[in-house]
Amino acid sequence: MREAIGGTWLFQIVIVFILLFTGYMCMSINHSKAYNVKSEILEIIERYNGIDLSSDINGESEALTEIIGNMQVNSYRTTGRCPQDLKDADNNVVGHYVGFNREGKFDSTNPTVCIARVDVGSKDNTNQVVQELPSMSYYRVVVFYQLDLPIFQDLFMFSLKGDTKILSVSR
């Protein structure tokens with residue numbers, strides 16, 4: 001009887017380690033996929049010298065079309081919630097996130113990617129636009145990944161953030 005109980009405990013320990021290893025592998029794969037998608041999105045935004053988020057809400061720009069095509073090629077399906085507005089050190093709002101779904105349409109409830117534009121370098125100390133300086137901005141991209149175990153499904157949601165280099169954009 002003692003050997004049967006000892007075998008059960010050993011079997012349970014093996015199952016726990018298999019679940020932990022599987023969870024770690026799933027999370028590593030999902031993180032790697034999200035990191036690659038984020039890097040590609042940043043590269044596309046830099047190549048097109050930015051995205052006009054106010055007019056791209058309908059998903060009709062070339063840059064957004066390429067971003068959505070990249071997500072579909074990489075089978076990126078994870079959705080999440082866009083973070084709150086971007087704030088600077090003085091707690092002033094400097095950027096608003098715009099979320100897009102896999103079809104490239106504006107989606108504020110369940111987006112696959114969130115993009116925010118942050119203007120820098122064209123305002124003086126009184127927050128007035130200085131016409132002599134070029135309009136500079138960078139973009140922050142947020143993508144999501146999750147810990148997805150086969151039995152327990154979605155346990156935890158994580159996000160990856162990345163910034164483009166500072167781009168000179170037209171006013």
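Novice: Quick question: what am I supposed to make of the overall build of the protein here?
Specialist: On a plain count of helices and strands, the protein comes out with two helices and seven strands. When the 171 residues of the protein are sorted by exposure, 33% land in the buried category. Put simply, of all contacts in the protein between residues at least 6 apart along the chain, 59% involve residues at least 24 apart.

Novice: I would appreciate a short explanation of the nonpolar core in the present structure.
Specialist: Within the largest apolar cluster, 32 residues are counted, with the highest numbers of intra-cluster contacts made by Ile41, Ile45, Val113, Ile115, Val141 and Val143. Listing elements by their share of this core, those giving two or more residues are α1 (2-47), α2 (62-73), β3 (97-100), β4 (113-120) and β5 (136-149). The element contributing the most residues to this core is β5, with seven residues. Residue contacts for Ile41: discarding those within four places in its chain leaves Ile67, Asn70, Met71, Val113, Val141 and Val143.

Novice: In this structure, what is going on with the packing of aromatic side chains? I would like to understand it.
Specialist: How two aromatic rings sit relative to each other is set out by the distance from centre to centre and by the angle between their planes. Scanning the model with the defined rule gives two aromatic pairs in all. Centre to centre, the rings of Phe156 and Phe158 are 6.5 Å apart; their planes meet at 40°, and the pair counts as tilted. On the accessibility criterion, Phe158 (29% relative accessible area) is partly exposed. Following the ring pairs from residue to residue traces out a cluster consisting of Tyr145, Phe156 and Phe158.

Novice: It is not clear to me how the state of the cysteines should be interpreted in this structure. Could you clarify?
Specialist: Simply put, disulfide is the name for a covalent bond between the sulfur atoms of two cysteines. This model, assessed by the stated rule, comprises one disulfide. Through a disulfide, Cys82 is tied to Cys114; the S-S separation comes to 1.9 Å. Judged by the sign of its S-S torsion, about -95°, the cystine formed by Cys82 and Cys114 is left-handed. With Cys82 in the loop between α2 and β1 (86-87) and Cys114 in strand β4, this residue pair connects regions lying 32 residues apart in the sequence. In this structure Cys114 comes out as buried when scored by relative accessible area, which is 0%.

Novice: Looking at this structure, how should I read unusual backbone geometry?
Specialist: One non-glycine residue, Asn49, adopts positive backbone phi at about 55°. Within the secondary structure, Asn49 is located in the loop between α1 and α2. Unlike most non-glycine residues, Ser75 shows phi in positive territory, near 55°. Tracing the backbone through its elements, the reader meets Ser75 in the loop between α2 and β1. Using a relative accessible area of 30% as the deciding quantity, one classes Ser75 as partly exposed.

Novice: What's the story with the environment of Tyr76 in this structure? I'm lost.
Specialist: Structurally, the position occupied by Tyr76 is in the loop between α2 and β1. Here the alpha-carbon distance between Tyr76 and Arg102, two residues 26 residues apart in the chain, equals 8.4 Å. The residues touching Tyr76, leaving out its near neighbours within four places in the chain, are Lys33, Ala34, Val37, Met71, Arg102, Thr112, Val143 and Phe144.

Novice: Sorry, what's going on with α2 here?
Specialist: For α2, with twelve residues, the first-to-last C-alpha span of 16 Å sits near the 16 Å given by 1.5 Å per residue. The set of residues buried in α2 consists of Ala63, Leu64, Ile67, Ile68, Asn70 and Met71. Axial view of α2: buried residues confined to an arc of 155°, hence all on one face. Exposed and oriented more than 90 degrees from the buried face of α2 are Glu62 and Val73.

Novice: Explain the pattern of salt bridges to me, please; I cannot follow it from the model alone.
Specialist: Working definition: two side chains of opposite charge can pair if their charged atoms are close together. Enumeration according to the criterion identifies four salt bridges in this entry. A salt bridge links Glu66 to Arg47, with the shortest nitrogen-to-oxygen separation between them at 2.7 Å. Note that Glu66 is positioned in helix α2 and Arg47 in helix α1, a separation of 19 residues in sequence. We classify Arg47 as partly exposed; its relative accessible area is 45%. In this structure, Asp119 engages Arg117 in a salt bridge whose closest nitrogen and oxygen atoms are separated by 3.1 Å. Overall, Asp119 belongs to the partly exposed group, its relative accessible area being 41%. Within this structure, Glu43, Arg47 and Glu66 form a network of salt bridges that share partners.

Calculation criteria
Residues numbered from 1 in each chain as written. Predicted model: local features only at pLDDT ≥ 70, side-chain atom pairs only at ≥ 80, totals over all residues. Heavy atoms only, no water. Helix = DSSP H or I, 4+ residues; strand = E, 2+ residues; numbered from the N terminus. Buried < 20%, exposed > 50% of the residue type's maximum accessible area, 1.4 Å probe, protein only. Contact = heavy atoms within 4.5 Å. Core = buried A, V, L, I, M, F, W, Y, C linked by side-chain atoms within 4.5 Å. Phe/Tyr/Trp six-rings, centres within 6.5 Å; stacked < 30°, edge-to-face > 60°. Disulfide = S-S within 2.5 Å. Expected span 1.5 Å × (residues − 1). Arc of directions from axis to C-beta. Salt bridge = Lys/Arg side-chain N within 4 Å of Asp/Glu carboxyl O.

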